[in-house]
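# Summary of the model geometry
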Amino acid sequence: MSENAIKLPDAEQLVAVLTAQMRPHVTPQTALVGIVTGGAWLAERLHRELGLVLPCGTLDASFYRDDFQEKGLKRGVRRSEIPFDVEDRELILVDDVLYTGRTIRAAINELFDYGRPASIRLAALVDRGGRELPVAAQFVGAVIDVPAQLSIELQRAADGRLSLALTPATNQDRAG
Amino acid sequence: MFLARNPQLNSNGELHHLLSTEGLPREILTQILDTAASFTGVTQREVKKVPLLRGKAIFNLFFEASTRTRTTFEIAAKRLSADVINLAINVSSQSKGESVLDTVANLSAMQADMFIVRHSESGAPHLIARHVSPEIHVINAGDGRHAHPTQGLLDMYTIRHYKKDFTKLVVAIVGDVLHSRVARSQIHALTTLGVPEVRVIGPKTLLPSHVDKLGVHVYHDISKGLKDVDVVMTLRLQNERMQGSFLPSPQEFFKLYGLNAEKLALAKPDAIVLHPGPMNRGVEIDSTVADGRQSVILPQVTFGIAIRMAVMSILAGN
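From a predicted model like this one, the values you see are computed outputs, not experimental measurements. (Residues numbered from 1 in each chain as written. Chains lettered and ligands numbered in written order. Predicted model: local features only at pLDDT ≥ 70, side-chain atom pairs only at ≥ 80, totals over all residues. Heavy atoms only, no water.)

### With respect to the overall build of chain B
A count of helical and extended segments in chain B gives 11 helices and nine strands. Taken over the C-alpha trace, chain B has a radius of gyration of 19 Å; the compact-globule value for 318 residues is 20 Å, and the two agree within 12%. Taken along its principal axes, the extent of the C-alpha atoms in chain B is 55 × 50 × 45 Å. Residues classed as buried in chain B amount to 57% of the 318 residues present. For chain B, contacts bridging at least 24 residues in sequence account for 74% of all contacts bridging at least 6. Surface accessibility of chain B: about 13200 Å² in total, with carbon and sulfur atoms responsible for 53%. Positive and negative side-chain charges in chain B, numbering 34 and 29 respectively, have mean positions lying 2 Å apart. (Helix = DSSP H or I, 4+ residues; strand = E, 2+ residues; numbered from the N terminus. Rg over C-alpha atoms; globule rule 2.2 N^0.38 Å. Buried < 20%, exposed > 50% of the residue type's maximum accessible area, 1.4 Å probe, protein only. Contact = heavy atoms within 4.5 Å. Areas by Shrake-Rupley, 256 points an atom, 1.4 Å probe, with all protein chains shown as cover. Lys, Arg positive; Asp, Glu negative; His and termini not counted. Charge placed at Lys NZ, Arg CZ, Asp CG, Glu CD.)

Next comes the structure, spelled out in structure tokens:
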């Protein structure tokens, strides 16, 4: 199966699907935490669509990854920003593509170093299967089957519109 | 064509040891500064550490006493969850006649992953780096008059934090450049990061004879040297490294080169003042300046921890 043979859904439609799923389950106390970079873009969008009060957090869980031994520290690690008190908070972790579950494991570990949240749920624009850890998302835009040699990437245009693209997988990709 | 390989880099051109800022490409310096920036958030959290270097053994090998530098390396390593072993070598095996390399071989046999080395002899960390097994990393924490790269890097971090862009700055380094490993590390880093004008200011006796070969402008008159600079980097007067008469007296030095409010007024109004510590107040810097609004001396200490976390985590991953 080549890159051209796979039809990817429209990311904007998936945002609408995700928003509708999440709306009944968020309260003014709910906070979103987006995983850089795609998840952070998505969290920003969902934050606006859902009209949430608390500012969005962003997380780069590179310092918690389990592949540091093999791959070292990636270039351009971003500073995590959690602009609210995590203690007793209802959190929704947001990522663009859910794959092995390893990024989510790292992100949950990092969140607990900010405090003890009341709960953490997971929202993903795309679930492509391939889990290597017992991780499941409560909110999913679409489930897509994509061969391992390809990677799904969220892109953001200058006008803020989100779209999905397929790129050849690098060895970083089994990370997701 | 054969190029002599930089002993700090591995075959992929990645940083394997940090021995000096000299000869490191701008890309690597910037990578260290950027990584340090991402660590600054860690210390503001409930849990002030990340698990990156869990299970790694980092040895602080201090052949020359330095409480502050050793402590900042120790804090940085602990914030990365590494195990830290502090060894003040001058009071242990060395006094029994063991050589540096024997000490290092013994510690390597104890499954060390990284050595942080401070030594009064220039080149000691290079010697160690050449002889350790390939999976061990060495960080120079100051060797003789040669280099103190993490200090130079934390100074660069501080400058970038306050001034954003290196490529428009005039930076002055004031004082005892001759004995200063810090000054050498600063000069190499500043020029590599694209600072267009680096000045060194000091008496002839305290400037190295060919310092202009490093691409800096030399001033003996501080009132000319400080004119319109953006950054003033003061240096500690290294009394303990001086033998013979480099200057008449500390009082005389303060009069001519000590940074006071009057001299600082010659710099740009928003100029920042750095000092690597520990300060000799009333010798190279006046208290009104050290504690004044333009001083960034305490932020330097805070940033130093993030820089050392960045260096250790980059090395450990390469």
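### Looking at the side chain of Arg 184 of chain B
All names here are of chain B. Tracing the backbone shows Arg 184 in helix H6 (residues 181-192). Asp 176 provides the closest opposite charge to the buried, unpaired Arg 184, separated from it by 7.1 Å. Each residue touching Arg 184, except ones within four places of it in the same chain, is listed here: Thr 21, Arg 145, His 146, Val 177, Leu 178, His 179 and Pro 208. (Salt bridge = Lys/Arg side-chain N within 4 Å of Asp/Glu carboxyl O.)

### Looking at the domain arrangement of chain B
Residue and element names in this part refer to chain B. Under the domain assignment used here, chain B contains domain 1 (26-147 + 304-317) and domain 2 (149-300). Residue-level contacts link 26 residues of domain 1 with 23 residues of domain 2. Here domain 1 and domain 2 share an interface that buries about 2000 Å² over both sides, 59% of which is from carbon and sulfur atoms. At the surface where domain 1 touches domain 2, the tally comes to two salt bridges. For Asp 34, the salt bridge goes to Arg 160, with nearest N and O atoms at 2.9 Å. Linking domain 1 to domain 2 there are eight residue pairs in polar contact (both at pLDDT 80 or more). (Domains from an automatic or database assignment. Buried area = accessible area lost by both parts, 1.4 Å probe. Polar contact = N/O pair within 3.5 Å; in protein donor to acceptor, adjacent residues only side chain to side chain.)

### Topic: helix H4 (residues 124-131) of chain B
For H4 of chain B, every residue scored as buried is listed here: Ala 124, Pro 125, His 126, Ile 128 and Ala 129 of chain B. As for H4 of chain B, its buried residues are in contact with helix H3 (100-108), strand E3 (114-119) and strand E4 (137-143) of chain B.

### With respect to the side chain of Thr 150 of chain B
All names here are of chain B. Residue placement: Thr 150 occurs in helix H5 (residues 149-163). Thr 150 sits in the buried class, given a relative accessible area of 0%. Setting aside its immediate chain neighbours within four residues, Thr 150 contacts Leu 18, Phe 73, Ile 139, Ile 307, Arg 308 and Val 311.

### What to know about the interface of chain B and chain A
Each partner contributes to the interface: chain B provides 23 residues, whereas chain A provides 16 residues. Carbon and sulfur atoms make up 57% of the surface buried where chain B meets chain A, a total of about 1700 Å² over both sides. Contact with chain A buries area across many residues of chain B, yet Ser 38, Arg 45 and Leu 52 of chain B alone supply 33% of it, more than any other trio. In this structure, Asp 113 of chain A engages Arg 45 of chain B in a salt bridge whose closest nitrogen and oxygen atoms are separated by 3.5 Å. Joining chain B to chain A, the criterion identifies six residue pairs in polar contact (both at pLDDT 80 or more).

### Thoughts on the packing of helix H1 (residues 26-39) of chain B against H5 of chain B
Residue and element names in this part refer to chain B. In the contact formed by H1 and H5, the axes pass within 10 Å of each other and the chain directions differ by 70°. Between H1 and H5, the interaxial angle falls into the category roughly perpendicular. In the packing of H1 onto H5, the handedness of the crossing is right-handed. Where H1 approaches H5, its residues Leu 29, Thr 30, Ile 32, Leu 33, Asp 34, Ala 36 and Ala 37 are matched on the opposing element by Leu 153, Met 156, Tyr 157 and Arg 160. (Axes fitted to C-alpha atoms, helices over the stretch in contact; angles between N-to-C directions. Parallel < 35°, antiparallel > 145°, perpendicular 65-115°, else oblique. Left-handed = near helix turned anticlockwise from the far one by under 90°.)

### Thoughts on the pattern of salt bridges
Scanning all chains against the criterion turns up 26 salt bridges over all chains. Two residues, Glu 132 of chain A and Arg 102 of chain A, come together in a salt bridge whose shortest N-O distance is 2.7 Å. Placement of the pair is Glu 132 of chain A in the loop between strand E4 (119-127) and strand E5 (139-143) and Arg 102 of chain A in helix H4 (residues 102-112), with a sequence separation of 30 residues. Among the salt bridges present, the one from Glu 64 of chain B reaches Arg 118 of chain B, with a minimum N-O distance of 3.4 Å. With Glu 64 of chain B in the loop between strand E1 (57-62) and helix H2 (67-79) and Arg 118 of chain B in strand E3, the pair connects residues that are 54 residues apart, well separated along the chain. Both residues of the pair, Glu 64 of chain B and Arg 118 of chain B, belong to the buried class. Each of Glu 12, Arg 45 and Glu 49 of chain A takes part in a single network of salt bridges with overlapping partners.

### Overview of the sheet that holds strand E6 (residues 197-201) of chain B
Residues and elements named next belong to chain B. Taken in spatial order, the five strands line up as E7-E6-E5-E8-E9 in an open sheet, and their pairing is parallel. Each end of this open sheet is capped by a strand with a single partner; those strands are strand E7 (217-219) and strand E9 (272-274). Averaged over all adjacent pairs, the angle separating strand axes in this sheet is 20°, with direction ignored. Packed onto the sheet, H6 meets strand E5 (170-174), E6 and strand E8 (231-234) and runs at close to 170° relative to E5. (Pairing = 2+ DSSP bridges.)

### Remarks on helix H11 (residues 297-317) of chain B
Given a rise of 1.5 Å per residue, 21 residues ought to cover 30 Å, and the 31 Å separating the end C-alpha atoms of H11 of chain B matches this to within 8%. Of all 21 residues that make up H11 of chain B, 17 are buried, and the element is covered over most of its length. (Expected span 1.5 Å × (residues − 1).)

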